[in-house]
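The primary structure of each chain is shown beneath.
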Amino acid sequence: MEKVLINQGLVNVEEVIPGIKVELKYSTTDNFFGQDVYGDLTNAYLQPEVAELLKKAQEMLQAENPDFTFLVYDGVRPSSVQQILWDNLDKPDSVKPLYVADPKKGSLHNFGVAVDLTIFDTKADSTLDMGTGYDYFGYPAYPDREAQMLAEGKITKAQVANREILRKVMTANGFSGIGSEWWHFNAFSRKEAGEKFEMIK
């Protein structure tokens, strides 16, 4: 699969960004499907200009805290894998798009312009506490619901502060977050991605 991604012009983020960590959750069984759907793909790939933006965000993060580095959970997701996720999601088709993009339309991951990530503290040898794990479906993971979740005691101020560190360095370098996942950032809109790039098969 890696040759296919390289042939489509994508770059391995670990080759572009010194010190970044990668743990592709879909190459493990530690994801909401409990299945390894990436097989031998263990490196994170993105469009070259997206990787450059991520590199700038990483540099900003480390300038503010040299012990911190990004830990990438997902980069490009070939549309063939998107189909597997869609087919295996045990939800009615009407609510599936809340969790997984319809493969017919594609997600920004399928264009190599979206990244899922968190912050890893190299001194503590652990990720920062963001209040929920990756791929957690529920309001505690929603940036849009943080005030409500704080008020209800579902997340803490310290957890929100950690998310703010991530959001700040990502948005300052051209990424935008989404309302339902603290870990997901897009470098382009769906329209821009469709105009600039081909969907990755």
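Going by the structure above, here's the rest.
Predicted, not measured: the structure shown is a model, and the values here were computed from it.

**Notes on the overall build of the chain**
1) Next: Across its full length, the chain holds 7 helices and 8 strands.
2) Next: Over its C-alpha trace the chain gives a radius of gyration of 16 Å, about what one expects of a compact globule, namely 17 Å for 201 residues.
3) Next: Along the first, second and third principal axes, the C-alpha atoms of the chain reach 40 × 40 × 30 Å.
4) Next: A total of 201 residues make up the chain; the buried ones form 49% of that total.
5) Next: For the chain, the computed accessible surface area is about 9500 Å², with 50% contributed by carbon and sulfur atoms.
6) Next: Here the chain contributes 21 positive and 30 negative side-chain charges, whose respective centroids are spaced 4 Å apart.

**With respect to the packing of helix 3 (residues 48-64) against helix 6 (residues 157-171)**
1) Next: The geometry of helix 3 relative to helix 6 is characterised by a closest axis approach of 8 Å and an angle of 130° between their N-to-C directions. On the basis of the axis angle, helix 3 is oblique to helix 6. For the element pair helix 3 and helix 6, the recorded crossing hand is right-handed. For the pair helix 3 and helix 6, the contacting residues are L54, A57, M60, L61 and E64 in the first and I165, K168, V169 and M170 in the second.
2) Next: Classifying every residue of the contact of helix 3 with helix 6 gives 7 nonpolar, no polar and 2 charged.

**Notes on the environment of R145**
1) Next: Secondary-structure assignment places R145 in the loop between strand 6 (126-127) and helix 5 (146-151).
2) Next: Here Q148 takes part through its side chain, which lies 2.8 Å from a polar atom of the side chain of R145.

**Let's talk about the pattern of salt bridges**
1) Next: Under the definition given, this model contains 11 salt bridges.
2) Next: D93 is the salt-bridge partner of K96, the closest N and O atoms lying 3.4 Å from each other.
3) Next: What makes K96 buried here is its relative accessible area of 6%.
4) Next: Its relative accessible area of 52% is what places D93 among the exposed residues.
5) Next: Across the pair R167 and E146 runs a salt bridge, and its minimum N-O distance is 2.8 Å. Separated by 21 residues along the polypeptide, R167 in helix 6 and E146 in helix 5 bring together distant segments of the chain.
6) Next: A residue is classified by how much of its surface remains accessible, and E146, at 7% relative accessible area, is buried.
7) Next: One salt-bridge network, held together by shared partners, links E146, R163, E164 and R167.

**Digging into the nonpolar core**
1) Next: One finds L54, F70, V115, L117, L166 and M170 to be the most contacted residues of the largest nonpolar core, which totals 57 residues.
2) Next: Going through the elements one at a time, helix 2 (13-16), strand 3 (45-46), helix 3, strand 4 (68-74), helix 4 (79-88), strand 5 (114-121) and helix 6 are the ones with two or more residues in this core.
3) Next: If near-sequence neighbours (up to four positions away) are discounted, L166 is found in contact with F70, L117, T118, I119, M130, W182 and F185.

**As for the side chain of R167**
1) Next: By relative accessible area, R167 is classed as buried at 18%.
2) Next: Excluding residues within four positions of it along the chain, R167 makes contact with P143, E146, V160 and F185.

**Notes on the packing of aromatic side chains**
1) Next: Tallying each qualifying case throughout the model produces 9 aromatic pairs.
2) Next: On the numbers, 6.5 Å between centres and 65° between planes, the contact of Y26 with Y134 is edge-to-face. Residue Y26 is found in the loop between strand 2 (21-22) and strand 3, and its partner Y134 is found in the loop between strand 6 and helix 5; the two are separated by 108 residues along the sequence.
3) Next: Between F32 and F33, the ring centres sit 4.1 Å apart and the planes meet at 40°, which makes this aromatic pair tilted.
4) Next: Assessed through its relative accessible area of 25%, F32 is described here as partly exposed.
5) Next: By way of ring pairs, the aromatic residues Y26, Y38, Y73, Y134, W182 and W183 are connected into one cluster.
6) Next: Its guanidinium or amino end placed over the ring of F120, K21 lies 4.9 Å from that ring's centre, counting from NZ or CZ.
7) Next: Its end group placed over the ring of Y139, R145 keeps NZ or CZ at 3.9 Å from the ring centre.

Calculation criteria
Residues numbered from 1 in each chain as written. Predicted model: local features only at pLDDT ≥ 70, side-chain atom pairs only at ≥ 80, totals over all residues. Heavy atoms only, no water. Helix = DSSP H or I, 4+ residues; strand = E, 2+ residues; numbered from the N terminus. Rg over C-alpha atoms; globule rule 2.2 N^0.38 Å. Buried < 20%, exposed > 50% of the residue type's maximum accessible area, 1.4 Å probe, protein only. Areas by Shrake-Rupley, 256 points an atom, 1.4 Å probe, with all protein chains shown as cover. Lys, Arg positive; Asp, Glu negative; His and termini not counted. Charge placed at Lys NZ, Arg CZ, Asp CG, Glu CD. Axes fitted to C-alpha atoms, helices over the stretch in contact; angles between N-to-C directions. Parallel < 35°, antiparallel > 145°, perpendicular 65-115°, else oblique. Left-handed = near helix turned anticlockwise from the far one by under 90°. Contact = heavy atoms within 4.5 Å. Nonpolar A, V, L, I, M, F, W, Y, C, P; charged D, E, K, R; others polar. Polar contact = N/O pair within 3.5 Å; in protein donor to acceptor, adjacent residues only side chain to side chain. Salt bridge = Lys/Arg side-chain N within 4 Å of Asp/Glu carboxyl O. Core = buried A, V, L, I, M, F, W, Y, C linked by side-chain atoms within 4.5 Å. Phe/Tyr/Trp six-rings, centres within 6.5 Å; stacked < 30°, edge-to-face > 60°. Lys NZ or Arg CZ within 6 Å of the ring centre and 35° of its normal.

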